[in-house]
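Spelled out from the first residue to the last, the chains are:
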Amino acid sequence: MPWPSIPPPATASIGSWLLATEPELIDARGLKCPLPVLRMEKRLDSLPSGAALTVLATDPMAKVDIPLYCRQHGHNCTLTTEGDVLRFSILKS
């Protein structure tokens with residue numbers, strides 16, 4: 001079953017500054033534990049406080065692992081589901 005296409009984050013340009021208007025996106029669909037969490041951790045390390053990150057995953061263990069990681073590190077995490085895809089919306093502390 002092919003995955004639906006997710007468009008890249010929208011951006012807005014102000015002079016020479018480029019501002020992200022959508023959260024960063026990690027597409028971890030089809031990856032098994034611990035890869036979704038490891039990719040999320042690496043991306044979060046590179047983002048400033050207050051940045052938003054969306055993680056898409058299909059591994060059922062992500063439902064436990066990602067919120068646990070976020071609680072342990074003080075990040076806000078909400079989970080929604082779209083069919084068999086888990087969508088984690090994370091706000092870095």
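Note that this is a predicted model, so its numbers are computed, not measured.

A.B. asks: Lay out the environment of Thr80 with the relevant residues and their values.
C.D. replies: With respect to the helices and strands, Thr80 occurs in strand 5 (residues 76-82). Exposure remark for Thr80: the relative accessible area of 41% places this residue in the partly exposed category. Distance in space between the C-alpha atoms of Thr80 and Lys63 is 10.0 Å, their sequence separation being 17 residues. Apart from the residues lying within four places of it in its own chain, the contact partners of Thr80 are Val85, Leu86 and Arg87.

A.B. asks: Go over the nonpolar core, please, and point to the residues and values.
C.D. replies: Counting 18 residues, the largest nonpolar core has Met40, Leu44, Leu53, Val55, Ile66, Phe88 and Ile90 as the members making the most contacts within it. Contributions of two or more residues to this core are made by strand 3 (24-28), helix 1 (35-46), strand 4 (52-57), helix 2 (62-73) and strand 6 (85-91). With 4 residues, the single largest contributor to this core is helix 2. The contacts of Phe88, once residues within four sequence positions are left out, are Leu53, Thr54, Val55, Ala57, Ala62, Lys63, Ile66, Pro67, Cys77, Thr78 and Leu79.

A.B. asks: Break down the sheet that holds strand 5 for me, citing the residues and quoting the values.
C.D. replies: Strand order in the open sheet formed by 4 strands is 3-4-6-5, with mixed pairing between adjacent strands. At either end of the open sheet lies a strand with only one pairing partner, and these are strand 3 and strand 5. Averaged over all pairs of adjacent strands, the angle between strand axes in this sheet comes to 20°, irrespective of strand direction. Of the strands in this sheet, strand 3, strand 4 and strand 6 touch helix 1, which is tilted by about 160° from strand 3. This element, helix 2, spans strand 4, strand 5 and strand 6 of the sheet and lies at about 5° to strand 6.

A.B. asks: How would you sum up the side chain of Thr54? Please name residues and give values.
C.D. replies: Within the element layout of this structure, Thr54 appears in strand 4. For Thr54, the residues in contact, after removing those within four places along its chain, are Pro23, Glu24, Leu25, Ile26, Arg87 and Phe88.

Scoring rules and cut-offs
- Residue positions are given per chain, counting from 1 as you read along its sequence in written order.
- Per-residue local features are limited, in this predicted model, to residues with pLDDT of at least 70; the limit for side-chain atom pairs, both in listing and counting, is 80 or more; totals at the level of whole chains, interfaces and linings are taken over all residues.
- Side-chain metrics in this entry use all non-hydrogen atoms of the structure; hydrogen atoms and water are not considered.
- Secondary structure elements follow DSSP: runs of H or I of four or more residues count as helices, runs of E of two or more count as strands, with numbering from the N terminus.
- Working definition: with a 1.4 Å probe on protein chains only, accessible area under 20% of the residue-type maximum means buried, over 50% means exposed, and in between means partly exposed.
- We call two residues contacting when some pair of their heavy atoms lies within 4.5 Å.
- Buried Ala, Val, Leu, Ile, Met, Phe, Trp, Tyr and Cys residues form a nonpolar core when they are joined through side-chain atoms within 4.5 Å.
- At least two DSSP bridges between two strands are needed for those strands to be called paired.
- Axis angles are defined between N-to-C directions and span 0 to 180 degrees, where every axis is a line fitted to C-alpha atoms and, for a helix, only to the segment in contact.

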